[in-house]
Structure formats: structure tokens, C-alpha cells
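Coordinates in review
Take a look at the letters that make up each chain.
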Amino acid sequence: MTLKSDWSATGFGTRAIHGGQEPDPTTGAIMTPIFQTSTYVQESPGVFKGYEYSRTSNPTRVALEGNIASIEGGKFARAFASGSAATSAVLACLNPGDHVICGDDVYGGSFRLMDKVYKRLGLEFSFVDQTDLKAMRSALQPNTKLCWIETPTNPTLKVVDIEAICSLCREAGVASVVDNTFATPYLQSPLKLGATMVAHSTTKYLGGHSDVIGGAIVTDDEEWIEAIQFILNSMGGNPGPQDCFLTMRGIKTLHVRMDRHCDNAERCSEFLVNHPMVKKTIYPGLPTHPQYEIAKRQMQRFGGMISFHINGGLDAARRFLESVEVFSLAESLGGVESLIEHPAIMTHASVPAEARQALGIHDDFIRLSVGIESADDLIADLAQALDKAKG
Ligand SMILES: *Cc1c(COP(=O)(O)O)cnc(C)c1O
């Protein structure tokens, strides 16, 4: 057997660069071409080369899907126009009356999709603190069909024990999905920990350059991938070929970028922990993090996301956010550039105020997506902005 015949036996970096991709057979082009086509010529009615129409399938998309499956260590993947379209496709596989258990601190858009769209269409939801296994167990109902897990959570960076929850789900005959956007397959492998499916917003670390929106679902389960492909083809959440190309280009450096994201986040978290203007720093890599032991067990490293509470409330938070120079004040995360934001006003405005309070997303709460600039500059920037935040 050659290395090439089975990339799944190779290391992460090799799969990130080669998985799912072959040099173009007609030209030898090393990069998968952007197949900017809607349809494909047939030799005779129903006789074609594997592609009929680009909503159903497209060669650039197939290369991306093979690549994402390869880095997640899964058999099958489907790419979507956004992470939200991928989330929606999983929910659209369910029937009215089905019950879904979801974490209480998931991406604001995932919560909105469940609470405002799929609830109206007849699905039932329970939002529970998935760090509490007892709460998880008592949320199970006879009609529970799916459990949606996100870890580390957004924005409070709780770490959920994937293996424990997925085994609970398996015993109850409930499918489990892990949104692996924050950790990425480089740091965390949910399928190996027992998840039925992995969901991604490839907009974030996988794409990695803040230039494309996309999503994906990965699974080893044939029935689920068939259902997902049916929804993708029926509802049309397919990504365009150029977006697939950009995402694939991004994934080729995922492992290198993630190591630097982790290095820089470790440095920034140590700086914040010791700063008098910072009330509390939340980073899964800090021994003070409530689920530090779980994070150490299920993650290779601790990622690029940090949250913290600033002393001085909303006024200080505002001054701080207006003063950063290397960090950019913007929603989203996972790109090479460092971003900073205020969840209560920005990304999590769609979460009801009461729920935000319960989760600790107060007005003094700030989220960082630590990029891969020079760490000294990031720390100097945080230092000068915290100084201005004093007022
Ligand atoms: C951004 C994000 C999503 C939604 O993805 P889009 O590509 O913006 O639709 C879902 N889950 C998580 C954890 C995210 O950060």
C-alpha cells in the first residue's frame, strides 16, 4: 500500500494539504480548478460523468468535502453555503414533534435558528447546561432525536465532555452533533469521541482568512449522510465553487495557523490573568478553568478564543474596545487577524437578556479571537487599551 492510496493513514498536515484532492487529470494543475459551471453535458440521456447539476454536486465542492472528511477523520462530508445552512440541514432531517437537546450557550445564530424557525415548524427544544451531566440526563425524553453540542461554547468557553454526552446519547438512541468550529479538527476529534456528526462553520478557522462564508457536516453514518445530501439538494444550501476553493486553500495551513493561534492565546491569557483591570479571564488552557481537566483530555491544545470580564462595567468595556489598535472591533472569529467584540451588544444580541444574564454575558464581558500576529504586539495593544479603559 502506498501513502497516496490511503491518506487517512497520514498525519494531520498531510491530510490538510492532500486529503480529497488530486492533481487535475486533464492538465495536471496542482490546485483543484474552480469548476464555475451550473450544468454538465451528457453523452446520452442519463449518461454522464458523475455530475448533472451543480446544486446536487460540483467537482470543486467534492474536493472540499473529501478534504474536510479527511481532516475530521470521517467517511463522508457535505459542504454548505454557511455554517448556519449546515446546522439547518441537520434540523431539517427531523420531523414535527421530535425533541432536540441543545447546549444553553451555543452560537447565537444556532439558537435563533432553533428557537425562531424550527420551533415554529414543530420541533421541540430543551436548552441545557451540558457541563452538567445530570441536567443532560433528565432532559432526555421519549421523543428526543438529536443532541446539539458545542464545545468550547460561545462566548463563555465552557468545555463539554463530548465522550460522556455522546455515550449517554448512544444509550438513549439519540444522534449527537458536535459543532467543532471553535476547536477545529486539529485540536479535537468528536467522531473518535463518539459523536454521530460534526458540524462546522468553515467561515472561521478552517477558511481562516476572513474572506469566505461556509459550513460543513461530517459523519461516518450512511443514513445520516444520505439524509443530509437529500436536504442539501432539495433546499439548496450549496456553496459556490469559488467559495469551496478558498476554503480548501485555507485548510492547507490550518495546522500551522492553529499552533500559532494557541501560542498567542496562551500568552494573551497569561497577560490578562495578571492585569489589575481584568476581573476574570476565561480560557480552557488556564488551570483555573472549571473544566480544565476535560479540556486537557479531549483537546490537543486550547484554541485561540479568550473571554474576560473587565473592571468598570460597560463604560470601561466601551473605552477598551474603542482603544485597541492591532485587534479589530468586529464580529466573527478564527481569521489570521485578531478580533475583539462585545457579545451582549454584538454577537449575542439575539439571545434573550435573561438568558444572557444567567450565562454571565454581562456588559463587562469581552471576547477575543486571538490572531497570528506577533504576540508581543498583541500584548502591547491589550496593555495600552486596558490603560485607556481606566478612564
Ligand atoms: C459562526 C458560527 C456558526 C455559524 O456559521 P456561519 O458560517 O456564520 O453561518 C455556527 N457555529 C459556530 C460555533 C460559529 O462560530
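Not measured: the values here are computed from a predicted model.

Axis angle and axis distance: for two packed helices, these are the angle between their axes and the distance between the axes, and together they describe the pair. Close contact between helix H10 (residues 254-273) and helix H14 (residues 375-389) brings their axes to 10 Å; oriented N to C, the two are set at 30°. With respect to each other, H10 and H14 are oriented roughly parallel. Once H10 is placed against H14, the crossing between them reads as right-handed. Listed contacts from H14 to Asn-264, Arg-267, Cys-268, Phe-271 and Leu-272 of H10 are Ala-375, Asp-376, Leu-378, Ile-379, Leu-382, Ala-383 and Leu-386.

Before going further, it helps to examine the state of the cysteines. Tallying each qualifying case throughout the model produces zero disulfides. Cys-262 takes part in no disulfide bond, and the closest cysteine sulfur to it belongs to Cys-268, at a distance of 12 Å.

A few words now on the environment of Phe-127. Tracing the sequence through the fold places Phe-127 in strand E3 (residues 124-128). C-alpha separation for the pair Phe-127 and Trp-148, spaced 21 residues apart in sequence, amounts to 9.5 Å. In contact with Phe-127, other than residues within four places in its own chain, are Cys-102, Gly-103, Asp-104, Phe-111 and Met-114.

A few words now on the pattern of salt bridges. Applying the stated criterion across every chain, the model contains 15 salt bridges. Asp-115 is the salt-bridge partner of Lys-119, the closest N and O atoms lying 2.9 Å from each other. Lys-119 gets classed as partly exposed once you look at its relative accessible area, which sits at 45%. Judged by relative accessible area, Asp-115 falls into the buried class, the value being 17%. Here Lys-296 makes a salt bridge to Glu-293, at a shortest N to O gap of 3.8 Å.

Here we take up the pairing of strand E5 (residues 175-179). In terms of residue burial, E5 counts as a mostly covered element, since five of its five residues are buried. Examined bridge by bridge, strand E4 (residues 144-150) and E5 share five bridges and lie parallel to one another. Following the sheet pairing, Cys-147 is matched in E5 by Ser-176. Since E4 and E5 lie parallel, the crossover through helix H6 (residues 162-171) that links them has a hand, and here it is right-handed. Bridge count for E5 against strand E6 (residues 197-201) is three bridges, and the pairing is parallel. Its bridge partner being in E6, Val-178 is matched across the sheet by Val-198.

Right, let's talk about the sheet that holds strand E9 (residues 305-310) for a bit. Across the sheet, five strands lie side by side as E8-E9-E12-E11-E10; this open sheet has mixed pairing. Only two strands of the sheet have a single partner each, and these edge strands are strand E8 (278-282) and strand E10 (328-329). Note: strand E11 (residues 339-341) against strand E12 (residues 365-369), three bridges, orientation antiparallel. Opposite Leu-339, over in E12, you have Ser-369 as the bridge partner. Packing of H10 onto the sheet brings it into contact with E8, E9 and E12, and relative to E9 it is tilted by some 15°.

Now for the packing of aromatic side chains. Following the criterion strictly, the structure yields seven aromatic pairs and no others. Relative to Phe-127, the ring of Phe-125 has its centre 6.0 Å away and its plane inclined at 15°; by these criteria the two rings are stacked. Note on Phe-125: relative accessible area 15%, which makes it buried. The structure contains a cluster of three or more aromatic residues connected by ring pairs, namely Phe-111, Phe-125 and Phe-127.

The pairing of strands in a sheet happens through backbone hydrogen bonds and is either parallel or antiparallel. Ordered by their spatial adjacency, seven strands build an open sheet running E1-E7-E6-E5-E4-E2-E3, and the pairing between neighbours is mixed. Of all strands in the sheet, those bounded by a partner on one side alone are strand E1 (76-80) and E3. Along the sheet, successive strands turn relative to each other by an average axial angle of 20°, direction set aside. Across the sheet, helix H3 (residues 83-92) touches E1, strand E2 (99-103), E3, E4, E5, E6 and strand E7 (215-219), and the angle it forms with E7 is around 45°. Running at roughly 150° to E3, helix H4 (residues 108-118) makes contact with E2, E3 and E4 of the sheet.

Another aspect to go through is the site of the ligand. Looking at the ligand, there are 14 residues lining it, with Gly-83, Ser-84, Asp-179, Thr-203 and Lys-204 nearest. Within the backbone of Gly-83, one N or O atom sits 2.9 Å away from an oxygen atom of the ligand. Taking Asp-179, its side chain carries an N or O atom lying 2.7 Å from a nitrogen atom of the ligand. Alone, the ligand offers 380 Å² of accessible surface; in the complex the protein occludes 94% of this. Counted by class, the shell around the ligand contains four nonpolar, seven polar and three charged residues.

Our next topic: H6. Among all positions of H6, only Ile-162, Ile-165, Cys-166, Leu-168 and Cys-169 are buried. In an axial view of H6, the angular spread of the buried residues amounts to 155°, which keeps them on one side of the axis. Across from the buried face of H6, at angles greater than 90 degrees, the exposed residues are Arg-170 and Glu-171. Those residues of H6 hidden inside the fold are in contact with helix H5 (133-139), E4, E5 and helix H11 (292-298). Taken from the residues just after H6, Gly-173 is the one with a positive phi, measuring 70°.

Viewed as axis vectors pointing N to C, H3 and helix H8 (residues 222-235) meet at an angle of 115°, and their least axial separation amounts to 9 Å. On the basis of their axis angle, the class for H3 and H8 is roughly perpendicular. The handedness of the crossing between H3 and H8 comes out as right-handed. Across the interface between the two elements, Ala-89, Val-90 and Ala-92 of H3 pack against Trp-224, Ile-228, Ile-231 and Met-235 of H8. Partitioned by chemical class, the residues of the contact of H3 with H8 number seven nonpolar, no polar and no charged.

Conventions adopted
- Residues numbered from 1 in each chain as written.
- Predicted model: local features only at pLDDT ≥ 70, side-chain atom pairs only at ≥ 80, totals over all residues.
- Heavy atoms only, no water.
- Axes fitted to C-alpha atoms, helices over the stretch in contact; angles between N-to-C directions.
- Helix = DSSP H or I, 4+ residues; strand = E, 2+ residues; numbered from the N terminus.
- Parallel < 35°, antiparallel > 145°, perpendicular 65-115°, else oblique.
- Left-handed = near helix turned anticlockwise from the far one by under 90°.
- Contact = heavy atoms within 4.5 Å.
- Disulfide = S-S within 2.5 Å.
- Salt bridge = Lys/Arg side-chain N within 4 Å of Asp/Glu carboxyl O.
- Buried < 20%, exposed > 50% of the residue type's maximum accessible area, 1.4 Å probe, protein only.
- Pairing = 2+ DSSP bridges.
- Right-handed = clockwise from strand over helix to strand, strands pointing away.
- Phe/Tyr/Trp six-rings, centres within 6.5 Å; stacked < 30°, edge-to-face > 60°.
- Near = heavy atom within 4 Å.
- Polar contact = N/O pair within 3.5 Å; in protein donor to acceptor, adjacent residues only side chain to side chain.
- Areas by Shrake-Rupley, 256 points an atom, 1.4 Å probe, with all protein chains shown as cover.
- Nonpolar A, V, L, I, M, F, W, Y, C, P; charged D, E, K, R; others polar.
- Arc of directions from axis to C-beta.

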